[in-house]
Amino acid sequence: MAKANPARICPVAAFQRMISGKYKLRIVWDLKDGPRRYGEIRSGLLRGTEGSAEITPRVLSRELKALTASGLIDRKDFGEVPPKVEYRLTRKGKSFVPVVAAIRDWGDRHLSEAVSLVDAAE
């Protein structure tokens with residue numbers, strides 16, 4: 001039996017850590033259409049989320065910093081007062097969009113069935 005190389009991290013586990021968090025996939029999905037400012041990202045996250053509480057600025061900032069640290073997005077500070085900052089996908093982030101699209105397509109196919117079953121049971 002071959003021993004696992006301890007220096008090699010499981011790519012699935014590394015990927016899971018990179019995208020963990022409630023909003024990261026949705027932020028990447030919203031940035032696929034081009035750069036967005038903080039407020040645009042925040043309002044985009046609130047779209048289509050029935051019954052969910054608003055995202056706090058602290059949580060959104062943490063998610064944006066984590067995505068920047070992982071190399072999926074880039075933060076451009078214009079150095080203006082009041083502050084103007086834009087976020088955009090990096091090349092790595094753009095390569096991730098088809099993965100998010102596949103997750104979205106899977107959800108459309110399989111989770112709509114689950115919602116229909118819940119609605120029928122009520």
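As shown above, the structure is provided for reference.
Every value quoted in this text rests on a predicted model; they were computed, and no experiment measured them. (Residues numbered from 1 in each chain as written. Predicted model: local features only at pLDDT ≥ 70, side-chain atom pairs only at ≥ 80, totals over all residues. Heavy atoms only, no water.)

Focus: the pattern of salt bridges
In the structure shown here, the tally under the stated rule is five salt bridges. Where Arg75 meets Asp77, a salt bridge forms, and the shortest distance between an N and an O atom there is 3.9 Å. With relative accessibility at 46%, the residue Asp77 sits in the partly exposed group. Glu86 is the salt-bridge partner of Arg88, the closest N and O atoms lying 3.0 Å from each other. (Salt bridge = Lys/Arg side-chain N within 4 Å of Asp/Glu carboxyl O. Buried < 20%, exposed > 50% of the residue type's maximum accessible area, 1.4 Å probe, protein only.)

Overview of the packing of aromatic side chains
One pass over the full model with this rule turns up one aromatic pair. A ring pair is formed by Phe15 and Phe96, whose centres lie 5.6 Å apart and whose planes are at 65°; its orientation type is edge-to-face. Here Phe15 is found in helix 1 (residues 11–19), whereas its partner Phe96 is found in helix 5 (residues 91–121), with 81 residues between them in sequence. The cationic tip of Lys32 hangs over the ring face of Trp29; the distance from NZ or CZ to the ring centre is 4.3 Å. Directly above the aromatic system of Phe78 lies the positively charged group of Lys84, at a separation of 4.4 Å from the ring centroid. (Phe/Tyr/Trp six-rings, centres within 6.5 Å; stacked < 30°, edge-to-face > 60°. Helix = DSSP H or I, 4+ residues; strand = E, 2+ residues; numbered from the N terminus. Lys NZ or Arg CZ within 6 Å of the ring centre and 35° of its normal.)

Brief notes about a nonpolar patch on the surface
Taken together, the side chains of Phe15, Val99 and Ile103 define a hydrophobic patch exposed on the protein surface, amounting to about 210 Å² of accessible area. You can call Phe15 partly exposed: its relative accessible area is 30%. (Patch = residues over 30% accessible without salt bridge, like charges linked within 9 Å, V, L, I, M, F, W, Y side chains within 5 Å. Areas by Shrake-Rupley, 256 points an atom, 1.4 Å probe, with all protein chains shown as cover.)

Describing the side chain of Glu86
Within the secondary structure, Glu86 is located in strand 3 (residues 85–89). For Glu86, a relative accessible area of 17% translates into the label buried. Within the structure, the side chain of Glu86 is placed 3.0 Å from the side chain of Arg88, a separation counted as a polar contact. In this view, Glu86 contacts Pro35, Arg36, Arg37, Asp74, Arg75, Lys76 and Phe78; residues no more than four positions away in its chain are not counted. (Polar contact = N/O pair within 3.5 Å; in protein donor to acceptor, adjacent residues only side chain to side chain. Contact = heavy atoms within 4.5 Å.)

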